[in-house]
Amino acid sequence: MNAHPAERTSASAEHLALADAVTAHNYHPLPVVIAEAEGAWVTDVDGRRYLDCLAGYSALNFGHRHPALLEVARAQLDRATLTSRAFHNDRLAPFCRDLAALAGMEAVLPMNTGAEAVETSVKLARRWGYEVKGVPDGRAEIIVAAGNFHGRTTTIVSFSTDPEARDGYGPYTPGFVVVPYGDAAALRAAVNENTVAVLLEPIQGEAGVVVPPDGYLADVRAACTEANVLLVLDEIQSGLGRTGRTFACEHEGVVPDVYVLGKALGGGVLPVSAVVSRWDVMGVFTPGSHGSTFGGNPLAAAIGQAVVGLLETGEYQERARVRGEQLHAGLAKLVTDGHGLVEVRGRGLWAGVDIDPALMTGREMSVRLMRRGVLAKDTHGSTIRLAPPLVVDDSEIDLLLEQLADALQHE
Ligand SMILES: Cc1ncc(COP(=O)(O)O)c(C=O)c1O
């Protein structure tokens, strides 16, 4: 097949060359230069349209430029955008009230990026361990899972098991114990009197949309309760509608002690993250013990509250459930068709798709899909992730499945 327009026209080529010259090479983006976006679709600088099947790693659950979110953002731009936490602003408390209610919790600590929220949960768990549980100072341990992805700070990469994310960034932060994901017995065996928390993704996104065995989360929940250990669930990618429920842990009837949220909480407009918990946990934070200049700013809070409003309707969870069934039925058929799809995992509108490594890498598949007007992202080896915005309709899911089938068989 000839080069895709984005690879040869001057507008795209110019952007790609400029990016290569001046943008740090910590990413390897597909050679598509997006200029505009709406709903589930983006348009590149040459006017070519693509169905966005990555949705900003779930940051765009409600699609690009959701009208209700833009309206709230525009109105807030005309009122106040940033106050710092030195003062109150009139948008923060209503946002926190609504988010806490959505999560069935009591208190919210707003931050910006997902990694900051995860860092916040680590600090929260350690402080709770020392002040409430009585762990000797400096001895707190947090259990995490192999294959985890919780962000990119030095502390978080300290407990990553992915050499790409971790190598070269030592010395590493101590206090983390890694156990295999999906193995509740191994997790139970790792708990000791200094364990303050278990930090898990209910479904591991970056690892390739890895769904743990049925009953795993419930077993971990029981182990945490028995040992007086906090269960901290990182729902940054899995939460806020993606799997067909507000939170992925609901599929197992599990309620954590601490939710870590991000991505879609900002409605695809700006970074908004939060840690959500009960007062008996959140109460350990005192003035000056933690914070962020931008966390809880009125613009972010207004948008976050509007996002919670969208989720309160249940419409997006239902869309993820129904369209997710369509997606997974289509993917399962592609596996049985035997054209090189070997395994599919996932829940709701979220799938990790393994391609026969003898056939091609995930990167090659992403490029083939791009050439067919579908944007998706590879992860480790021959896996691609599909996570379209929850606003896709049935014909768009059909389009994705058709293009995937075609891309398996033709360059
Ligand atoms: C489960 C999970 N936690 C944390 C993060 C980090 O979020 P951010 O990139 O906003 O720092 C991500 C990002 O992909 C994630 O998927």
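Look above for the structure.
Small disclaimer: the values here were computed from a predicted structure and weren't measured.

About the cut-offs
- Residues numbered from 1 in each chain as written.
- Predicted model: local features only at pLDDT ≥ 70, side-chain atom pairs only at ≥ 80, totals over all residues.
- Heavy atoms only, no water.
- Pairing = 2+ DSSP bridges.
- Helix = DSSP H or I, 4+ residues; strand = E, 2+ residues; numbered from the N terminus.
- Axes fitted to C-alpha atoms, helices over the stretch in contact; angles between N-to-C directions.
- Contact = heavy atoms within 4.5 Å.
- Buried < 20%, exposed > 50% of the residue type's maximum accessible area, 1.4 Å probe, protein only.
- Parallel < 35°, antiparallel > 145°, perpendicular 65-115°, else oblique.
- Left-handed = near helix turned anticlockwise from the far one by under 90°.
- Nonpolar A, V, L, I, M, F, W, Y, C, P; charged D, E, K, R; others polar.
- Phe/Tyr/Trp six-rings, centres within 6.5 Å; stacked < 30°, edge-to-face > 60°.

Engineer: Tell me about the sheet that holds strand S15 (residues 383-386), and please be specific about residues and values.
Structural biologist: Ordered in space as S11-S12-S15-S14, the 4 strands form an open sheet in which the pairing is antiparallel. Across the chains shown, the open sheet's two edge strands, defined by having one partner strand only, are strand S11 (341-346) and strand S14 (377-379). Each adjacent strand pair in this sheet contributes to an overall mean axis angle of 30°, direction not counted. Here 3 bridges tie S14 to S15, and the two strands are oriented antiparallel to one another. The partner of Asp 378 across the bridge, within S15, is Ile 384. Along the sheet, helix H13 (residues 315-337) makes contact with S11, strand S12 (351-355) and S15, crossing S11 at roughly 160°. Across the face of the sheet, helix H14 (residues 362-371) comes into contact with S12, S14 and S15 while running at roughly 45° to S15.

Engineer: Provide a residue-level description of the environment of Leu 401, including the pertinent values.
Structural biologist: Structurally, the position occupied by Leu 401 is in helix H15 (residues 394-409). A relative accessible area of 13% means that Leu 401 is categorised as buried. For the pair formed by Leu 401 and Leu 327, sequence separation is 74 residues and the distance between their alpha carbons is 7.5 Å. Beyond its immediate sequence surroundings of up to four residues, Leu 401 is in contact with Gln 326, Leu 327, Gly 330, Leu 331 and Leu 334.

Engineer: So, the side chain of Thr 383: which residues are in play, and what are the values?
Structural biologist: Along the polypeptide, Thr 383 turns up in strand S15. Contact partners of Thr 383, with chain neighbours within four places excluded, come to Gly 208, Arg 345, Gly 352, Val 353, Asp 354, Gly 362, Lys 377 and Asp 378.

Engineer: So, the pairing of S11: which residues are in play, and what are the values?
Structural biologist: Every other side chain in a regular strand lies on the same face of the sheet, so the side chains alternate between the two faces. Strand direction decides the pairing type here: S11 and S12, joined by 5 bridges, are antiparallel. Residue pairing in the sheet places Gly 346 in a bridge with Ala 351 of S12. Linkage of S11 to S12, two consecutive antiparallel strands, is achieved through a turn of 4 residues, within which Gly 348 is found at a positive phi near 60°.

Engineer: Outline the packing of helix H4 (residues 67-77) against helix H12 (residues 298-312), listing residues and values.
Structural biologist: The description of two helices packed together rests on the angle between their axes and the distance between the axes. Close contact between H4 and H12 brings their axes to 9 Å; oriented N to C, the two are set at 155°. Comparing their axes, H12 and H4 come out roughly antiparallel. With respect to the hand of their crossing, H4 and H12 are arranged in right-handed fashion. Contacts between H4 and H12 involve Leu 69, Val 72, Ala 73, Gln 76 and Leu 77 from the former and Pro 298, Leu 299, Ala 302, Ile 303, Ala 306, Val 307 and Leu 310 from the latter. The residue inventory of the contact of H4 with H12, partitioned by class, reads 11 nonpolar, 1 polar and no charged.

Engineer: Help me get a handle on the side chain of Ser 277, residues and values and all.
Structural biologist: As for its placement among the helices and strands, Ser 277 is situated in strand S10 (residues 273-277). Under the relative-accessibility criterion, Ser 277 is labelled buried at 0%. If we skip the residues at most four places from it in the chain, Ser 277 touches Met 105, Glu 106, Ala 107, Asp 257, Val 258 and Met 282.

Engineer: Provide a residue-level description of the packing of H14 against H15, including the pertinent values.
Structural biologist: Packing of H14 against H15 brings their axes to within 9 Å, and their N-to-C directions diverge by 120°. Here H14 is positioned oblique relative to H15, judged by the angle of their axes. Every pair of crossing elements has a handedness; the one defined by H14 and H15 is right-handed. Of H15, the residues touching H14 (which contributes Met 365, Arg 368 and Leu 369) are Gln 403, Leu 404, Ala 407 and Leu 408. Looking at the contact of H14 with H15, its residues break down into 5 nonpolar, 1 polar and 1 charged.

Engineer: Outline the packing of aromatic side chains, supporting the account with residue identities and numerical values.
Structural biologist: What the rule picks out here adds up to 4 aromatic pairs. Here the aromatic rings of Phe 159 and Phe 176 are separated by 4.3 Å at their centres, their planes lie at 35°, and the arrangement is tilted. One end of the pair, Phe 159, is in the loop between helix H7 (154-158) and helix H8 (163-166); the other, Phe 176, is in strand S6 (residues 176-179), and 17 residues separate them in sequence. Accessibility assignment for this pair places Phe 159 and Phe 176 in one class, buried.

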